[in-house]
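Residues per chain, in single letters:
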Amino acid sequence: MAPTGADPLIVRQLEFLGGMASAAGWRPESSLPEIAFAGRSNVGKSSLLNALLRRRTAARVSRTPGRTREINFFRVNDAFLLVDLPGYGYARVAKSRQAEWRPLIEGYLGASPKLCGLVLLLDARRDPSEDDYAMLSFLAERGTPVLVAITKMDKFGTDAGRKRVDAIIAALELDPEQVVPVSARTGLGRDDLATALMDLVVTPDSERTAES
Ligand code: GDP
């Protein structure tokens, strides 16, 4: 869709820095602000990143065998790091595998003083999962600012879409201000999400409530 104003996120440079594979594993030096993306697998994260960055690089790297379970780091324009967390909720085979993302994500959060926000993706067609609830309460405990991108909105007409968004807001007790309905297919919400992201990136640390 044609943006109505200036593009809030023009990607001039996008560089893959590497992957973090375990809680105590390598991660790039923490120098730029970081924005992380999370959601259950198949939620449309790769597609949304493609739409957001207007590139296919990030999704391609994150799909490389061996990288799908890692946290992948990309430097965008020397302005911020985009952090692609592994999709969760697949291979739900036993209780013991529940929240298997947690140690890695905890390791990442513990080693990421520059994290300024996380975008949690939720599929408009599905009710939030236990992992989604767990992720949100975990981030709330840590005081990490969260944006919620509700994906695949093209599957609904305007009224039905609004109802789904309202239902998800109510179920998760979200602030409507933190919710951005999106569609990678139509481009809906791409600029709104980019604007919200860039607001998080430029908000000074002193104005954030995040724990250090
Ligand atoms: P990921 O596993 O979270 O990275 O999800 P993908 O981006 O690979 O998408 C998973 C599936 O959802 C694919 O079949 C996509 O074609 C589909 N999908 C992704 N985004 C959209 C969208 O905006 N609208 C619709 N209708 N389908 C989408």
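Here, the structure is the one placed above.
Note that the structure is a prediction, hence the values are computed from the model and not measured.

**Q** Explain the site of the ligand to me, using residue names and the numbers behind them.
**A** Taken together, 14 residues are adjacent to the ligand, and Lys45, Ser46, Ser47, Arg63 and Asp154 come closest. In the environment of the ligand, an oxygen atom lies 2.9 Å from a nitrogen or oxygen atom belonging to the backbone of Gly44. Between an oxygen atom of the ligand and a main-chain N or O atom of Ala184, the distance comes to 2.8 Å. When the ligand sits alone it has 570 Å² of accessible area, and the protein chains cover 76% of it. No other element matches helix α1 (residues 45-53), which puts three residues into the shell around the ligand. Grouping the constituent residues of the shell around the ligand by class yields two nonpolar, six polar and six charged.

**Q** Can you lay out the nonpolar core for me, pointing to particular residues and giving the numbers?
**A** Across soluble globular proteins, nonpolar side chains have a tendency to be buried as a group. Leu85, Tyr108 and Leu120 are the most contacted members of the largest nonpolar core, which totals 34 residues. Sorting the residues of this core by element identifies β2 (34-38), β3 (71-76), β4 (80-84), α3 (102-110), β5 (115-123), α4 (130-142), β6 (146-151) and α5 (158-172) as the ones contributing at least two each. With residues up to four places along the chain from it excluded, the contact list for Tyr108 reads Met20, Arg27, Glu34, Ala36, Ile71, Phe73, Val83, Leu85 and Leu115. Listed in part, the 30 residues of the second largest apolar core include Val11, Leu48, Val182 and Met198.

**Q** Report on helix α6 (residues 190-202), specifying residues and quantitative values.
**A** With 13 residues, α6 extends 19 Å between its outermost C-alpha atoms, agreeing within 8% with the 18 Å of an ideal straight helix rising 1.5 Å per residue. Within the span of α6, buried status applies to Arg190, Asp191, Leu193, Ala194, Ala196, Leu197, Met198, Leu200 and Val201. Its buried side turned inward, α6 meets β2, α1, β4, β5, β6 and β7 (179-181).

**Q** Lay out the pattern of salt bridges with the relevant residues and their values.
**A** Scanning the entire structure with this criterion turns up 13 salt bridges. A salt bridge links Asp7 to Arg54; the shortest N-O distance between them is 3.2 Å. Placement of Asp7 in the segment before β1 (14-20) and of Arg54 in the loop between α1 and α2 (57-63) is noted, with a sequence separation of 47 residues between them. A relative accessible area of 48% places Arg54 in the partly exposed class. Two residues, Lys45 and Asp84, come together in a salt bridge whose shortest N-O distance is 2.5 Å.

**Q** Got a sec to walk through the sheet that holds β3? Specific residues and values, please.
**A** Taken together, the seven strands give an open sheet; going across it, the order is β1-β3-β4-β2-β5-β6-β7, and neighbouring strands pair in mixed fashion. At either margin of the open sheet sits one strand with a lone partner, and together these are β1 and β7. Each strand of the sheet is rotated relative to its neighbour by a mean of 20°, with strand direction disregarded. Pairing of β2 with β5 involves five bridges; the strand directions are parallel. Each bridged residue has a counterpart across the sheet, and for Ala36 the counterpart in β5 is Leu118. Packing of α6 onto the sheet brings it into contact with β2, β4, β5, β6 and β7, and relative to β5 it is tilted by some 155°.

What counts, and where the lines are drawn
- Residues numbered from 1 in each chain as written.
- Predicted model: local features only at pLDDT ≥ 70, side-chain atom pairs only at ≥ 80, totals over all residues.
- Heavy atoms only, no water.
- Near = heavy atom within 4 Å.
- Polar contact = N/O pair within 3.5 Å; in protein donor to acceptor, adjacent residues only side chain to side chain.
- Areas by Shrake-Rupley, 256 points an atom, 1.4 Å probe, with all protein chains shown as cover.
- Helix = DSSP H or I, 4+ residues; strand = E, 2+ residues; numbered from the N terminus.
- Nonpolar A, V, L, I, M, F, W, Y, C, P; charged D, E, K, R; others polar.
- Core = buried A, V, L, I, M, F, W, Y, C linked by side-chain atoms within 4.5 Å.
- Buried < 20%, exposed > 50% of the residue type's maximum accessible area, 1.4 Å probe, protein only.
- Contact = heavy atoms within 4.5 Å.
- Expected span 1.5 Å × (residues − 1).
- Salt bridge = Lys/Arg side-chain N within 4 Å of Asp/Glu carboxyl O.
- Pairing = 2+ DSSP bridges.
- Axes fitted to C-alpha atoms, helices over the stretch in contact; angles between N-to-C directions.

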